[in-house]
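Below are the chains, spelled out letter by letter.
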Amino acid sequence: MTAPLLRDRTALITGAGRGIGLAVAQAMAEHGARVILADLAPDAAATGIAGARAVALDVTDEAATEAAFDRLAAEGWLPDIVVPNAGILHLEGVETLPADRFRAVVDVNLTGAFLTARAAARRMVADGRIIFTASLFGLRGGAQNAAYSASKFGMVGLMESMAADLAPRGILVNCVAPGQIETDMMTKLVQDRLAMGLPDPRERLRARIPLGRLGSAAELAGTYVWLASPLATYVTGQTITVDGGWQVG
Ligand SMILES: NC(=O)c1ccc[n+]([C@@H]2O[C@H](COP(=O)([O-])OP(=O)(O)OC[C@H]3O[C@@H](n4cnc5c(N)ncnc54)[C@H](O)[C@@H]3O)[C@@H](O)[C@H]2O)c1
């Protein structure tokens, strides 16, 4: 029997209370990692992941982020795989988009990801992995998506720069860019569109996606496991899209 891919590895995932972050935590645990679920108010027991640890963390809080990493290191839980994944969405046309909503989205999605990744990079030793959750909207903008798209484009630039900075230390940095995934964020997107008098986009999305359906969080998780594993020792500075073929549709 072969050893689990992530044996002896410790993974911290932000936004791990539900959705994509939780699915990544579950998959990494299934492949042998110890996992740390970081979220605003996480409940490790509720996830059913054996041995998981929960850390209450607002990723926009610099001091709390540094303190959380110090505490984990002191307790023998310094992560060598870190997934800055916490994110929020605000849909609005650019003419009415208030600056404070723009700042709030950038603060969580980009500055928060930076603070998590920087705290990790400061403490990681060789063979560390940082895997951001970007988006197709980090590669191409779209209507009502100015704040979200700006934050995710920023994340791709952050990832590429960090990959270059950290390569000499043997730390690999990449993004996963999910397509249309069925999570609470998708539910909110549908509700926000309906509130704007716009139609539910899911039928249109299904028709537009070559595989003919939205993805599940569990289907994304394997890409994070691969990027964190010994199967991906020469991959850094990349954005890997997982989108059911969206870009070739
Ligand atoms: N669902 C999709 O279709 C999709 C597509 C592309 C990218 N993404 C990205 O995937 C990531 C996860 O999204 P999801 O669909 O699972 O969304 P979700 O809304 O289901 O989960 C997001 C999680 O982030 C947490 N969070 C929010 N603000 C936080 C903060 N300040 N500090 C700590 N945690 C915070 C929430 O509590 C929640 O648990 C996000 O970065 C999102 O932009 C999602």
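Anything mentioned here points back to the structure above.
We now turn to the structure provided with this report. Sequence order as written defines residue numbering, which begins from 1 separately in each chain. At least 70 in pLDDT is required for a residue's local features to be given in this predicted model, at least 80 for side-chain atom pairs to be given and counted, and no such filter applies to totals for whole chains, interfaces and linings, which use all residues.

## Considering the nonpolar core
And then number 1: Ala 11, Ile 13, Val 24, Ala 25, Met 28, Val 35 and Tyr 224 are the most contacted members of the largest nonpolar core, which totals 68 residues.
And then number 2: We call two residues in contact when their backbone-placed C-beta atoms lie within 7 Å. Beyond its immediate sequence surroundings of up to four residues, Ile 13 is in contact with Gly 21, Val 24, Ala 25, Val 35, Leu 37, Ala 38, Val 83 and Asn 85. Each nonpolar core consists of buried Ala, Val, Leu, Ile, Met, Phe, Trp, Tyr and Cys residues. Their C-beta atoms, within 7 Å, join them into a set. Buried residues are those with 20 or more other C-beta atoms within 10 Å of their own C-beta, exposed residues have 12 or fewer, and partly exposed residues lie in between; C-beta atoms are placed from the backbone.

## Observations regarding helix 3 (residues 62-74)
And then number 1: Strands here mean DSSP runs of E at least two residues long; helices mean DSSP runs of H or I at least four residues long; both are numbered from the N terminus. Here the expected length of a helix is defined as 1.5 Å per residue gap, with one fewer gap than residues. The terminal C-alpha atoms of helix 3, which comprises 13 residues, lie 19 Å apart, in line with the 18 Å expected from a rise of 1.5 Å per residue.
And then number 2: Of all the residues in helix 3, the buried ones are Thr 65, Ala 68, Phe 69 and Leu 72. What you see down the axis of helix 3 is that its buried residues fit within an arc of 95 degrees, all on one side. Exposed residues pointing more than 90 degrees away from the buried face of helix 3 are listed as Ala 63, Arg 71 and Ala 74.
And then number 3: Contacts from the buried residues of helix 3 go to strand 2 (34-39), strand 3 (53-56) and helix 4 (99-123).
And then number 4: After helix 3 finishes, the residue Gly 76 shows a positive phi value of roughly 80 degrees. Picture the helix axis, draw a direction to every C-beta atom, and the arc is the one those directions span.

## Some details on the site of the ligand
And then number 1: Working rule for contacts: place C-beta from the backbone, and if it is within 6 Å of a molecule or strand, that residue counts as near it. Taken together, 28 residues surround the ligand, and among them Gly 15, Gly 19, Gly 87, Thr 183 and Met 185 come closest.
And then number 2: Elements with a minimum of two residues in the shell around the ligand: helix 1 (19-30), helix 4 and helix 6 (184-195).
And then number 3: Three residue categories are used. Nonpolar comprises Ala, Val, Leu, Ile, Met, Phe, Trp, Tyr, Cys and Pro, charged comprises Asp, Glu, Lys and Arg, and polar comprises the others, including Gly. Partitioned by chemical class, the residues of the shell around the ligand number 11 nonpolar, 13 polar and 4 charged.

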